[in-house]
Amino acid sequence: MTASPDLGTPQLASPDLLRSVFRRHAAGVAVITAPGESGPVGFTATSLTSVSAEPPMLSFGIGTGASSWPAISGTEHVGVHLLGEHQEELAATFARSGADRFGAPTAWREGPEGVPVLDDVLAWLVCRVVARVPAGDHRIVLAEVVLGDPAGAGRPLLYHQGRFNALRD
C-alpha cells in the first residue's frame, strides 16, 4: 500500500485512529438526560443524529461503562437538549466524570414523563426509547420524539479538536 504524496501515511484501524479522525469532525453538542433510581442522570453527547422524519426518530451513542448507562439502559424516556454557545460550562459539567450535574448552577425542572429538562437550551425533546443496539463498547439508542420545544435563542455550541467552539461568521 503506497501513500499518495498529498496524504499522510495510512494507519491501521485502532481506537486512536478513530479518535484522531473524529477530532477533525465538528459536531453539535447535546445533553441527554433521564430519570434515575437515585435522581436524574445525564451526559454530554456529540453523537446525536436525526434518523427518521416519519416517525420522528433520533439516535445517540453511550458507552456501557458510563455512569449514566444503568439509567439509560432501563428508562422508557430520555430528554435531548441542544446546547447553545453560551453553555460551554454546562457541556463540560455533563461531560465531567463525578460532577454534580444537576446541582447549582444547572437550572432544570422535571418535565413530561419525569424526564429532567434543562433550562435555556436552544431546543429540547422528550423521546421514547425504542431500541438499544449493541455497538462495540457502546450502545446506539434509538428514540422516537414525543414532544419538544425548538424555540430557544442563540447559536449552537460545537465540539471540534477536543474543545467546545462557536460558529464563526
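Small disclaimer: the values here were computed from a predicted structure and weren't measured. (Residues numbered from 1 in each chain as written. Predicted model: local features only at pLDDT ≥ 70, side-chain atom pairs only at ≥ 80, totals over all residues. Heavy atoms only, no water.)

### Thoughts on the overall build of the protein
Across its full length, the protein carries three helices and twelve strands. A globule of 169 residues ought to have a C-alpha radius of gyration of about 15 Å, and the protein, at 17 Å, matches this closely. Dimensions of the protein, computed from the C-alpha atoms along their principal axes, are close to 55 × 40 × 35 Å. Contacts spanning at least 24 positions in sequence make up 60% of the contacts within the protein whose residues lie at least 6 apart. As displayed, the protein offers around 10000 Å² of accessible surface, 54% of which is attributable to carbon and sulfur atoms. (Helix = DSSP H or I, 4+ residues; strand = E, 2+ residues; numbered from the N terminus. Rg over C-alpha atoms; globule rule 2.2 N^0.38 Å. Contact = heavy atoms within 4.5 Å. Areas by Shrake-Rupley, 256 points an atom, 1.4 Å probe, with all protein chains shown as cover.)

### Observations concerning the packing of aromatic side chains
Summed over the entire model, instances satisfying the criterion amount to four aromatic pairs. Ring centres of Phe43 and Phe60 lie 5.9 Å apart, and the angle between their planes is 55 degrees; on these two criteria the pair is classed as tilted. Placement of the pair is Phe43 in strand β3 (residues 41–45) and Phe60 in strand β5 (residues 56–63), with a sequence separation of 17 residues. For the residue pair Phe43 and Phe60, the accessibility class agrees, reading buried in each case. Between the aromatic rings of Phe94 and Phe102, the centroid separation amounts to 5.2 Å while the plane-to-plane angle is 90 degrees, which identifies the pairing as edge-to-face. Through a chain of ring-to-ring contacts, three or more aromatic side chains come together here, namely Phe94, Phe102 and Trp108. (Phe/Tyr/Trp six-rings, centres within 6.5 Å; stacked < 30°, edge-to-face > 60°. Buried < 20%, exposed > 50% of the residue type's maximum accessible area, 1.4 Å probe, protein only.)

### Remarks on the pattern of salt bridges
The tally for this structure, following the rule as stated, stands at five salt bridges. For Arg96, the salt bridge goes to Glu89, with nearest N and O atoms at 3.4 Å. The class of Arg96 is partly exposed, set by a relative accessible area of 40%. The class for Glu89 is exposed, based on a relative accessible area of 52%. (Salt bridge = Lys/Arg side-chain N within 4 Å of Asp/Glu carboxyl O.)

### Describing a nonpolar patch on the surface
Residues Leu18, Val21 and Phe22 make up a contiguous nonpolar surface patch of about 310 Å² in total accessible area. Note that Leu18 resides in helix α1 (residues 15–23). (Patch = residues over 30% accessible without salt bridge, like charges linked within 9 Å, V, L, I, M, F, W, Y side chains within 5 Å.)

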